[in-house]
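As a plain string of letters, each chain reads:
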Amino acid sequence: MESNQSSFSNIIFNIFIPVMILNKGHKIGLTPVQALLIALSFPLCFGLYSLIKEKKMNYIALLGLANILFSGILTILALGGIWFAVKEALFPLLIGAFVLASSFSKKPFFKTMFLNPAAFNVTKINEQLDSKEKQTDFDNLMKTSTQLLSISFLVSAALNFILSLFIFKPLTESLSTTEKQELLNQQLSQMTMYSMPVILVPMMLFVGGILYFAFRKTTKITGLPMDELFIK
């Protein structure tokens, strides 16, 4: 229940409220810059709250903050079109590059996510990796799963780029700077709103497939049934 509430809060404070402020701020007398600063305050405050309460960084809030911040810089500069398309593709590309690079290290990203003692029976899994062959097979599985995960970010980057090209239209030079900023804020709110069904859902299906692949392979390597991989 707590996890569902956390996910709901993440969506409300890091996506829904900033979108509403960016899209409707001008109707309540906010300038584009004021709307942007207020929208930024929500993921910033939510991230700080998570850091103080849970003693760990809320990466969803951090990414939301960074995304709105860079979008805000482009908005204040009144740059549109291809600049936003590049920005929307750059974030998942950078994350994907980090995930891919980790697959060649001793701690592949997927392994640090997969072997979470709070969810998985790490002790029992390690006990079953009782031969060099099993350990090698498991390490290769973590490396492969990490590389597949990096591909999911590449797919996200491509979807982001395509979607943003449809949403962020070139700005007419006859518009004033304030009008351009207001229009960009509205386009930014549309991008954030449409990215949920267009980008997030395919990404969740992709990651779900990777998790299923990793679980099935782990049961074969360790000999443990699926339900014994998890903490009960």
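## Description of the packing of helix H7 (residues 132-167) against helix H8 (residues 177-222)
Where H7 meets H8, the axes come as close as 9 Å, and the angle between the chain directions of the two elements is 165 degrees. One element, H7, and the other, H8, form an angle in the roughly antiparallel class. For the crossing formed where H7 meets H8, the hand is right-handed. Among the residues forming the contact of H7 with H8, the class breakdown is 22 nonpolar, 10 polar and 3 charged.

## A closer look at the packing of helix H4 (residues 82-102) against H7
Contact geometry for H4 and H7: axes closest at 8 Å, N-to-C directions at 180 degrees. Put simply, H4 runs roughly antiparallel to H7. Grouping the constituent residues of the contact of H4 with H7 by class yields 16 nonpolar, 8 polar and 1 charged.

## Description of the nonpolar core
Of all hydrophobic cores here, the largest spans 30 residues; its most connected members are Phe 110, Phe 114, Ile 125, Phe 138 and Phe 168. Listed by contribution, the elements that provide at least two residues to this core are H4, helix H5 (109-114), helix H6 (122-128), H7 and H8. With 9 residues, the top contributor of residues to this core is H8. When neighbours within four sequence positions are excluded, Phe 114 is seen to be in contact with Phe 120, Phe 138, Met 142, Phe 215 and Thr 218.

## Focus: H8
Remark: the principal bend of H8, roughly 50 degrees, maps to Ser 195, with a proline, Pro 197, within the next four residues. At the exit of H8 stands Gly 223, carrying a positive phi of roughly 80 degrees.

## Focus on the confidence of the model for the protein
Here the protein shows a mean pLDDT of 78. Residues at 70 or above account for 83%. By mean pLDDT, the top-scoring element of the protein is H7 (90), and the lowest-scoring one is helix H1 (residues 2-24) (62).

Rules behind the numbers
Residue numbering note: each chain is counted from 1, following its sequence as written. Reporting in this predicted model follows two pLDDT cut-offs: at least 70 for local features of residues, and 80 or more for side-chain atom pairs to be given and counted; totals over whole chains, interfaces and linings ignore these cut-offs and use all residues. In computing side-chain properties, one takes all heavy atoms of the structure into account and sets aside hydrogens as well as water. Here the axes come from fitting lines to C-alpha atoms, over the contacting stretch only for helices, and the angles between their N-to-C directions go from 0 to 180 degrees. The numbering of helices and of strands both runs from the N terminus, where a helix is a DSSP run of H or I of at least 4 residues and a strand a run of E of at least 2. Any angle from 65 to 115 degrees is called roughly perpendicular, while one under 35 is roughly parallel, one over 145 is roughly antiparallel, and all others are oblique. A crossing counts as left-handed when the near helix is turned anticlockwise from the far one by less than a right angle, and as right-handed when that turn is clockwise. Gly counts as polar in this scheme, as do all residues outside two lists: the nonpolar Ala, Val, Leu, Ile, Met, Phe, Trp, Tyr, Cys and Pro, and the charged Asp, Glu, Lys and Arg. Here, the term nonpolar core denotes a set of buried Ala, Val, Leu, Ile, Met, Phe, Trp, Tyr and Cys residues that are joined through side-chain atoms within 4.5 Å. A 1.4 Å probe rolled over the protein chains alone gives each residue an accessible area, and that area as a share of the maximum for its type sets the label: buried under 20%, exposed over 50%, partly exposed in between. Contacts between residues were defined by any pair of non-hydrogen atoms, one from each residue, lying within 4.5 Å. Working definition for bend: take the seven residues up to and ending at a residue and the seven starting at it, fit an axis to each, and measure the angle between the axes. The quantity known as pLDDT measures the predictor's confidence residue by residue, on a range of 0 to 100.

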